[in-house]
Amino acid sequence: MFKIKMREEWCKGCYFCIKICPKKVYNYSEEYSPKGFKKVKIEKESECVGCLLCEELCPDLVITVEKVNEKNS
């Protein structure tokens, strides 16, 4: 399982993350940023496979993908 963190204030709306994600984890939000573009929202975080394409291709270092260790109780 993976946890995605976004620094929305750094995003400039290139939408590479939406376009490159093989699992379509990201989508356009209905909200607009102060810069005038539609914000990116994490829509299906549970579908993330940890390929890191979004993290590696984001030109503004907005996205961080972390592996979450699931402990067996």
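Heads up: the structure comes first, above all this text.
Bear in mind the structure is a predicted one, so any value in this text is a computation, not a measurement. (Residues numbered from 1 in each chain as written. Predicted model: local features only at pLDDT ≥ 70, side-chain atom pairs only at ≥ 80, totals over all residues. Heavy atoms only, no water.)

Quick look at the environment of Met 1 now. Mapped onto the secondary structure, Met 1 falls in the segment before strand E1 (2–6). A residue is classified by how much of its surface remains accessible, and Met 1, at 57% relative accessible area, is exposed. Residues Met 1 and Glu 47 lie 46 residues apart in sequence; the distance between their C-alpha atoms is 8.7 Å. Aside from chain neighbours lying at most four places away, what touches Met 1 is Glu 66, Lys 67, Val 68 and Glu 70. (Helix = DSSP H or I, 4+ residues; strand = E, 2+ residues; numbered from the N terminus. Buried < 20%, exposed > 50% of the residue type's maximum accessible area, 1.4 Å probe, protein only. Contact = heavy atoms within 4.5 Å.)

On the secondary structure map, Lys 5 appears in strand E1. Counting along the chain gives 23 residues from Lys 5 to Tyr 28, while the straight-line C-alpha distance between them is 16 Å. Polar contacts involving the side chain of Lys 5 include one to the side chain of Glu 66, which spans 3.5 Å. (Polar contact = N/O pair within 3.5 Å; in protein donor to acceptor, adjacent residues only side chain to side chain.)

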